[in-house]
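# A look at the structure
Chain residues, written in single-letter form:
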Amino acid sequence: MEERHDEMMKSYEIVIIGGGPAGLAAALSARDSGINSILILERDRELGGILNQCIHNGFGLHTFKEELTGPEYASRFIEKVLEKGIEYKLNTMVMDITESKIVTYMNRSEGMVHIQAKSVILAMGCRERPRGALNIPGFRPAGIFSAGTAQRLVNIEGYMPGREVVILGSGDIGLIMARRMTLEGAHVQVVAEIMPYSGGLKRNIVQCLDDFGIPLKLSHTIVDIKGVDRVEGVTIAQVDEKMKPIPGTEEYYDCDTILLSVGLIPENELSSKMNVQMNTVTSGPVVNESLETNVEGVFACGNVLHVHDLVDYVSEEAALAGKNAAKYVLGKFGGQGSDVHTIELEAVEGVRYTVPKTVNISRMEDTIKVRFRVGKVFKDSYISVYYDDERVLHRKKIIMAPGEMEDITLDKKKLQEYPDLKKITVKIEKE
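Only a predicted model underlies this, so the values are computations on that prediction, with no experimental measurement involved.

Let us now look at the packing of aromatic side chains. All chains considered together, the criterion is met by five aromatic pairs. With centroids separated by 5.5 Å and ring planes inclined at 70°, the aromatic side chains of F64 and Y73 adopt a geometry described as edge-to-face. We classify Y73 as buried; its relative accessible area is 0%. A centroid spacing of 5.0 Å and a plane angle of 90° characterise the contact between Y387 and Y418, whose relative ring orientation is edge-to-face. Here Y387 is found in strand 23 (residues 378-387), whereas its partner Y418 is found in the loop between helix 8 (412-416) and strand 26 (423-429), with 31 residues between them in sequence. The structure contains a cluster of three or more aromatic residues connected by ring pairs, namely F64, Y73 and F77. In this arrangement the basic side chain of R371 is found over the ring face of Y313, its NZ or CZ atom lying 4.6 Å from the centre.

This is the structure in C-alpha cells:
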C-alpha cells in the first residue's frame, strides 16, 4: 500500500488496535500516564472482546480480589474508559498499518480512513486453531464447531449447537464448554486430547470435567467422523508417542456435535504486514522489556503477544504497554542508542519461550515479570535462571504443565551488579 501524506490526515498520539481486555487496560494506563489523544479501534459491535461471551466466573481474583464473570470484568474497564472520555470506534476493521504508523481502517459510516499515530499498541487477541490443521478424515458434515464459536452461540446468540457432544482437545475453552453444554441439558460424552497432558488449567479440569463426571481421555484423537449432512458419530483411538493412532484401540460414540478446542493462535496478520519480527514458538511479536516490538513505537500486549491463561495477567501486561507507549510519545523513553546495555533472554531445556526476549536495564522498571510456558509436564523440578554461567535462581515447583503459565521476576538492582552480562537463561532442572 502506498503511504499517504495527507495534509488533512487526522492524527492521534496513541492508536490501540482491539477493544478487548488488553486494549482497554492499555488505553486506561496510557491516559493515566498523561496521554489525552487516544483512539481504540474495535471490529466487534461492542467493547470487551472475548470476555463478553465468557459468562462463567473466575475472572478478576488478582486484579479486583473478587470473583467476577467475563462481562463483569470487562464492564469495570469499559466504565473507566467511558468515564475518562477515551475515544473508540466499534464495527471498525483495521486494514493496514505502515511502519511509519499510518493506520488504515474501515467502517460503514466513514468508509476507508487513514490516520497517523505517534505510537501503536497491538491488542488484537487470538483466534482458534481451525479444524483444517487437524487432518480428520471423512466428509464435512454440519455439527462441527470450534469451542469458542459454540460459546458465542450459546452465551450470546442463545442457540444450542447440539445435544450429544464429543469434544476434541482440552484447551480451557473446550473444558469450560463441556460444563456449559452440560448445564444447558446436552450430554457431553468424552473429551479426547491427543497429548499425554491437558492443555487447560488444572482448576478447569476439576470444575468442568471431574465435577460433572465427564471423562478426559489423554493420548486420544478422533480418527473418523460418521455422517454426511450432519455428524452422526465419531470414532476415537489412542495414539502412540509419534501421535499415530494405535490399531485396536478404537471406540465409537454416537453424537450430533463435535467441539474443537485445539489451541489458540495470536491474531498477527497486521503485525506481519508491518514487518514486526515474530517469535516462531508463540506466533506473537518479539518484544523487549517495555513490550515494544522491533518497529519503534509499536507495542504489543495480551493474547496477540502470547496466549495467556488468566485475563488478570493480560490486564497487568497491557497496563505496562500503555505506560511505555505514553513514555515513548512524551519523549521520556531513556536508554536508546548503540551504547545501551541490552541483555538477551534464552529459553532452553523445557522452557518454550520467554516474554520479553530482551531486556534493556536502563529502560526497565524496578522489577519486571518474565512469563513463559514449559513444553511438557514436569514434576518435582526447579525453575533455574542463569546470568551467563552463574545460577542466580533455583526455585522448586511440585508440578509445571504447558497449560499453566509460569513467571520469574527480574530485579533491576541485581542486574546492575552484572555490568558485563550478555545473556539470561531460563531452564527447567531436575535438581
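The rest of the description comes next.
Of the two faces of strand 2 (residues 38-41), both are covered, the one formed by I38 and I40 as well as the one formed by L39 and L41. The sheet contact formed by strand 1 (residues 10-17) and strand 2 spans four bridges and is parallel. Across the sheet, residue I17 finds its bridge partner in strand 2, namely L41. Each parallel crossover has a hand, and for strand 1 linked through helix 1 (residues 21-32) to strand 2 it is right-handed. Relative to strand 5 (residues 87-89), strand 2 is paired through three bridges, and the arrangement is parallel. Looking at strand 5, one finds that L39 is bridged to E87.

Turning to empty space enclosed by the protein, a few remarks are in order. Under the criterion given, the structure shown has one cavity of 30 Å³ or more. Counted as a void, the largest cavity has a volume near 30 Å³. Of the residues assigned to the lining of the largest cavity, the class counts are five nonpolar, two polar and one charged.

A separate point is the sheet that holds strand 23. The sheet built from five strands is open, its strands ordered 21-20-26-23-24 with mixed pairing. Edge strands, defined here as strands with exactly one partner in the open sheet, are strand 21 (358-360) and strand 24 (390-400). Ignoring strand direction, the axes of neighbouring strands in this sheet form an average angle of 20°. Note: strand 23 against strand 24, nine bridges, orientation antiparallel. For Y386, the partnering residue across the bridge sits in strand 24 and is R391.

Remark: a regular strand shows side chains that alternate across the two faces of the sheet. The element strand 11 (residues 164-168) is largely enclosed, with a buried count of four among its five residues. Where strand 11 meets strand 12 (residues 187-193), five bridges bridge the pair, whose relative direction is parallel. Paired with I167 across the bridge in strand 12 is V191. One crossover worth recording links strand 11 to the parallel strand 12 by way of helix 4 (residues 172-183), and it is right-handed. Two strands pair when backbone bridges link them, and strand 11 and strand 17 (residues 257-260) are joined in this way by four bridges, in the parallel orientation. Note on strand 17: the bridge partner recorded for V165 is T257.

Moving on, we come to the pattern of salt bridges. In total, this model carries 24 salt bridges according to the counting rule given. Two residues, D44 and R152, come together in a salt bridge whose shortest N-O distance is 3.5 Å. Highlighted residues: D44 in the loop between strand 2 and strand 3 (57-59) and R152 in helix 3 (residues 147-157), separated in sequence by 108 residues. Shared partners join several salt bridges into a network, and the residues in it are R43, R127, E267 and E269.

General note: in soluble globular proteins, nonpolar side chains tend to be found buried as a group. Counting residues in each nonpolar core, the largest one holds 64 residues, and the members touching the most others are I16, I17, I97, V103 and L122. Among the elements that line this core, the one with the most residues is helix 7 (residues 311-329), at eight residues. In contact with I17, not counting residues within four places along its chain, are L41, V94, I97, V103, V120, I121, L122, A123, M124 and L270.

How each quantity is defined
- Residues numbered from 1 in each chain as written.
- Predicted model: local features only at pLDDT ≥ 70, side-chain atom pairs only at ≥ 80, totals over all residues.
- Heavy atoms only, no water.
- Phe/Tyr/Trp six-rings, centres within 6.5 Å; stacked < 30°, edge-to-face > 60°.
- Buried < 20%, exposed > 50% of the residue type's maximum accessible area, 1.4 Å probe, protein only.
- Helix = DSSP H or I, 4+ residues; strand = E, 2+ residues; numbered from the N terminus.
- Lys NZ or Arg CZ within 6 Å of the ring centre and 35° of its normal.
- Pairing = 2+ DSSP bridges.
- Right-handed = clockwise from strand over helix to strand, strands pointing away.
- 1 Å grid on protein atoms, 1.4 Å probe; cavity = no way out; pocket = protein on both sides within 12 Å on 5 of 7 lines; lining within 4 Å.
- Points joined across faces, edges and corners; volume = space filled by probe spheres on them.
- Nonpolar A, V, L, I, M, F, W, Y, C, P; charged D, E, K, R; others polar.
- Axes fitted to C-alpha atoms, helices over the stretch in contact; angles between N-to-C directions.
- Salt bridge = Lys/Arg side-chain N within 4 Å of Asp/Glu carboxyl O.
- Core = buried A, V, L, I, M, F, W, Y, C linked by side-chain atoms within 4.5 Å.
- Contact = heavy atoms within 4.5 Å.

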